[in-house]
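Architecture and fold: a report
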Amino acid sequence: MLKTHSCGELRREHIGQTVTLAGWVNRRRDMGGVIFIDLRDRAGKTQVVIDAGRSRAAFTAAEGVRSEYVVQVSGQVSARPAGQENSQMPTGDVEVLADRVVVLNPAKTTPFAIDRDDPVDETTRLRYRYLDLRRERMQRNLILRHNAVKFIRDFLGSRGFIEVETPILFKSTPEGARDYLVPSRVHPGKFYALPQSPQQLKQLLMVAGYERYFQIARCFRDEDLRADRQPEFTQLDMEMSFVERDDILDLIEALMVGMVQAVSLVPLAHTQFPRLSYAEATERFGTDRPDLRYGLELVDIGDIAGRSAFRVFAENVAAGKRVKAICAPGCATYSRKQLDDLESMARAQGAKALAWLAIQPDSGEIRGPIAKFFTVDQLITLTERLEAKPGDLILIASDSKAIVHNVLSTLRTELARRLGYTDQKQLAFAWVIDFPLFEEEMEEGHFAPSHHMFTAPKPEHIPLLDSDPAAVLSQQYDLVCNGYEVAGGSIRIHDQELQAKIMSLIGFSMTQAREQFGHLLEAFEFGAPPHGGIAPGIDRLVALMAGEPNIREVMAFPKTAQATDLMADAPSAVLPRQLDELQLAIKTKDKAG
Ligand code: ASP
């Protein structure tokens, strides 16, 4: 080794020892005759003192050194002079008095400072990711990620799980996204698909009798671009045989609690995760991934609003539509502009308008364009139901259930942000269960699975598959945290006939099903155990535990929101010879057509 100790290691007990350190020059100060260098490696920083009086050669070498040079220093560990200790640094009681300084490699001036957490444009950070990764924040995040994954491996290993790798070159697995395709050179015209998840393979491992499987699995989804999406991401993929839903929920809850307590920078809001049905979550919060760090719940006021003199409400209620409201504490004094902003957010979610009632802070008088359509009694019942007090603002949406929920959940999140509720450094986990088996909206005349097509219906709802498929509830469960879905899973169908039936409801003919999933359907004929699984998203969980808003901050080499790698310039064109080998030709889109 070119070093005897790391830069984070030296303490008082090392005083007097001769050591060799190697790392990067974090900072260099020339005090005339004495040069101070903070030498940095992954483990930390150590102050090195290069005194011309002690070693002229070391001093001369250090004179040419600049930030981010890679240097090796040998010298003696010494106590810092009294009063010059630095309690902010773990090595702050000591310094190394240099006898020898060797420049292992010089460095150009970096495009941004490494030794400070200055805001740097993300494009520059991603272009020079290897420099960005030197910074403390990224090191902290990647080390946290390592610790989280190690915790997971140890936890599951101790509970009888084994880690099995599954192929990256495989066949399309439906998770609702587009596949990334890889052309085969050996079989021209044929393609592998990168797995959207190892879903089929983990189910096949259950048929194979492995009973408890997990994998830190890379998944690939060619989805529409969104700020916090990545084309490839990591899941803790797992599957268990002979289990019921609660076995999986209990196990994952213990894993999450243990992991957060062991590695997270952000603490748990509660160690028992509440369980909400899909219906309850959407009624109370307008979404199936509610942020439970705060209330601001949606309250149904259809009965009151329907009897008011406001025609829109009365007509909507008569037509079976909904009227719901949320109460924003202390927001009665919102300006016209603040209200307009909220209204345009509501419109972006499909609302035709946003109604509001402001309870004046002093008088308690209720103002707002629609106030006059309500009787005093109606206003009293309404404010009581919303537990609204003087100074509060009530926002009301009326439309179809889906629109009302979209509108009010968006406003709920926005108000929470404005009110500072989302600044709370806590992780509020909850389970959402009892999802409908199918999405409400049909796709091209067919039902779309709400999770994926391998999810089992609740046994007591199987008869409904013939009479009222839309009413069937499934054995899907999602784990949510602070407004994110952090895991999704289900008890699976292990019966070939039931699987075929679901496939036909979602528009797969038996021939299509056999072509795409023949191997799975066939496997189910050879003794498939009852099984179920789940897949927590590692990137999001680590981001939450690191207190980072974006998953890119916890990935070593992420892509941009445009799915590009700015450092390596991917995706990029390939050589004509490579295309020839694959028997592929690029068809440029005819702009005119
Ligand atoms: N494969 C599923 C997903 O990626 C998770 C599961 O059902 O286990 O969402």
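Structural notes, computed from the coordinates.

Definitions and cut-offs
- Residues numbered from 1 in each chain as written.
- Predicted model: local features only at pLDDT ≥ 70, side-chain atom pairs only at ≥ 80, totals over all residues.
- Heavy atoms only, no water.
- Pairing = 2+ DSSP bridges.
- Helix = DSSP H or I, 4+ residues; strand = E, 2+ residues; numbered from the N terminus.
- Axes fitted to C-alpha atoms, helices over the stretch in contact; angles between N-to-C directions.
- Contact = heavy atoms within 4.5 Å.
- Salt bridge = Lys/Arg side-chain N within 4 Å of Asp/Glu carboxyl O.
- Buried < 20%, exposed > 50% of the residue type's maximum accessible area, 1.4 Å probe, protein only.
- Core = buried A, V, L, I, M, F, W, Y, C linked by side-chain atoms within 4.5 Å.
- Polar contact = N/O pair within 3.5 Å; in protein donor to acceptor, adjacent residues only side chain to side chain.
- Near = heavy atom within 4 Å.
- Areas by Shrake-Rupley, 256 points an atom, 1.4 Å probe, with all protein chains shown as cover.
- Phe/Tyr/Trp six-rings, centres within 6.5 Å; stacked < 30°, edge-to-face > 60°.
- Lys NZ or Arg CZ within 6 Å of the ring centre and 35° of its normal.
- Disulfide = S-S within 2.5 Å.
- Left-handed = near helix turned anticlockwise from the far one by under 90°.
- Nonpolar A, V, L, I, M, F, W, Y, C, P; charged D, E, K, R; others polar.
- Expected span 1.5 Å × (residues − 1).
- Arc of directions from axis to C-beta.

On to the sheet that holds strand β3 (residues 44-51), then. One closed barrel accounts for 5 strands, arranged β1-β2-β3-β5-β4; its pairing is mixed. Taking the axes of each pair of neighbouring strands and ignoring which way they run, one obtains an average angle of 55° across the sheet. By the bridge criterion, 8 bridges tie strand β2 (residues 34-41) to β3 in an arrangement that is antiparallel. What sits directly across from Ile35, in β3, is Ile50. Against the sheet, helix α1 (residues 56-63) engages β1 (18-30), β2, β3 and β5 (94-105), with an angle of about 60° to β5.

Let's shift gears to the sheet that holds strand β16 (residues 393-399). Pairing in this open sheet of 5 strands is antiparallel, and the strands run β12-β13-β16-β14-β15 from one edge to the other. The strands lining the two open edges of the sheet, one partner per strand, are β12 (299-300) and β15 (366-367). With 2 bridges connecting them, strand β14 (residues 355-359) and β15 associate as antiparallel partners. From the neighbouring strand, Ile359 faces β15, where its bridge partner is Ile366. Together, β13 (322-328) and β16 form the strand contacts of helix α12 (residues 401-418), whose direction differs from that of β13 by roughly 5°.

Counted under the stated rule, the structure contains 52 salt bridges. Here Lys559 and Glu232 are joined by a salt bridge, their closest N and O atoms 3.0 Å apart. Here Glu232 lies in strand β10 (residues 232-241) and Lys559 lies in the loop between α16 (538-546) and α17 (576-582), a separation of 327 residues in the sequence. According to the relative accessible area criterion, Lys559 is buried, its value standing at 17%. Salt bridges here are not isolated pairs; linked through shared partners, they connect Arg125, Arg129, Asp132, Arg135, Arg137, Arg140, Glu548 and Glu553.

Take the pairing of strand β9 (residues 212-220) next. Examined bridge by bridge, strand β6 (residues 162-163) and β9 share 2 bridges and lie parallel to one another. Bridge pairing links Glu163 to Phe214 in β9. Note: β9 against β10, 9 bridges, orientation antiparallel. In the sheet register, Arg218 faces β10, and the bridge partner there is Thr234.

Bringing the nonpolar core into the picture now. Across soluble globular proteins, nonpolar side chains have a tendency to be buried as a group. Counting residues in each nonpolar core, the largest one holds 68 residues, and the members touching the most others are Leu156, Met238, Ile252, Phe429 and Leu479. With 10 residues, helix α6 (residues 245-263) is the largest single contributor of residues to this core. One finds Leu339, Ala358, Val404 and Leu415 within the second-largest nonpolar core, a separate group that totals 24 residues.

Residue position: Lys324 is located in strand β13. Within the structure, Lys324 has its side chain in polar contact with the side chain of Glu283 (distance 2.6 Å). Among residues more than four places away in sequence, those in contact with Lys324 are Thr282, Glu283, Leu298, Val299, Asp300, Ile301, Leu395, Ile396, Ala397, Val404, His405 and Leu408.

The next thing to look at is the site of the ligand. If you check the shell around the ligand, you find 14 residues, and the closest are Glu175, Gln199, Lys202, His452 and Arg492. In this structure, Arg492 approaches the ligand through a side-chain N or O atom, which is 2.7 Å from an oxygen atom. At 3.5 Å from an oxygen atom of the ligand is found a main-chain nitrogen or oxygen belonging to Ile534. Burial of the ligand by the protein chains amounts to 94% of its free accessible area of 270 Å². Of all the secondary-structure elements, those providing two or more residues to the shell around the ligand are α5 (199-207), β19 (484-491) and β20 (531-536).

Turning our eyes to something else, we now look at the packing of aromatic side chains. Considering all chains together, one arrives at 12 aromatic pairs under this definition. On the numbers, 5.8 Å between centres and 40° between planes, the contact of Phe508 with Phe517 is tilted. You can call Phe517 buried: its relative accessible area is 0%. Among the aromatic residues, ring-to-ring pairing joins Phe310, Phe313, Phe373 and Phe374 into one connected group. A cation over an aromatic ring shows up here: Arg127 above the ring of Tyr128, its NZ or CZ 4.5 Å from the ring centre. Above the ring of Tyr484, the side-chain terminus of Arg540 is found at 3.8 Å from the ring centroid.

Glancing now at the state of the cysteines. In the structure shown here, the tally under the stated rule is 0 disulfides. Cysteine Cys327 shares no disulfide, and the gap to the nearest cysteine sulfur, in Cys331, comes to 8.5 Å. With relative accessibility at 11%, the residue Cys327 sits in the buried group. No disulfide involves Cys481; its nearest neighbouring cysteine sulfur is the one of Cys219, lying 20 Å away.

Packing of helix α10 (residues 336-348) against α12 brings their axes to within 9 Å, and their N-to-C directions diverge by 140°. α12 is crossed by α10, and the crossing has right-handed handedness. In this structure, α10 uses Gln338, Asp341, Leu342, Met345 and Ala346 to contact α12, whose residues at the interface are Val407, Thr410, Leu411, Glu414, Leu415 and Arg418.

Another aspect to go through is the environment of Glu439. Mapping Glu439 onto the fold places it in the loop between β17 (429-433) and α13 (464-467). We classify Glu439 as partly exposed; its relative accessible area is 41%. Note: C-alpha distance between Glu439 and Ser184 (255 residues apart in sequence) is 35 Å. Filtering out sequence-adjacent residues up to four positions away, Glu439 remains in contact with Ala448, Pro449 and Ser450.

In contact at an axis separation of 8 Å, helix α7 (residues 278-285) and α12 are set at 60° when each is read in the N-to-C sense. Within the contact between the two elements, α7 uses Thr282, Glu283 and Phe285 and α12 uses Lys401, His405, Ser409 and Arg412. Across the contact of α7 with α12, the residue classes tally to 1 nonpolar, 3 polar and 3 charged.

Our focus in this paragraph is α10. Across its 13 residues, α10 extends 18 Å between first and last C-alpha, which sits within 8% of the 18 Å expected from 1.5 Å per residue. Residues of α10 that are buried: Leu339, Leu342, Glu343 and Ala346. Seen along its axis, α10 keeps its buried residues to an arc of 100°; they face one direction. Relative to its buried face, α10 has exposed residues pointing more than 90 degrees away, namely Lys337 and Ala348. On its buried face, α10 sits against β14, β16 and α12. Gly350 occupies a position one or two residues after α10 and carries a positive phi of about 105°.

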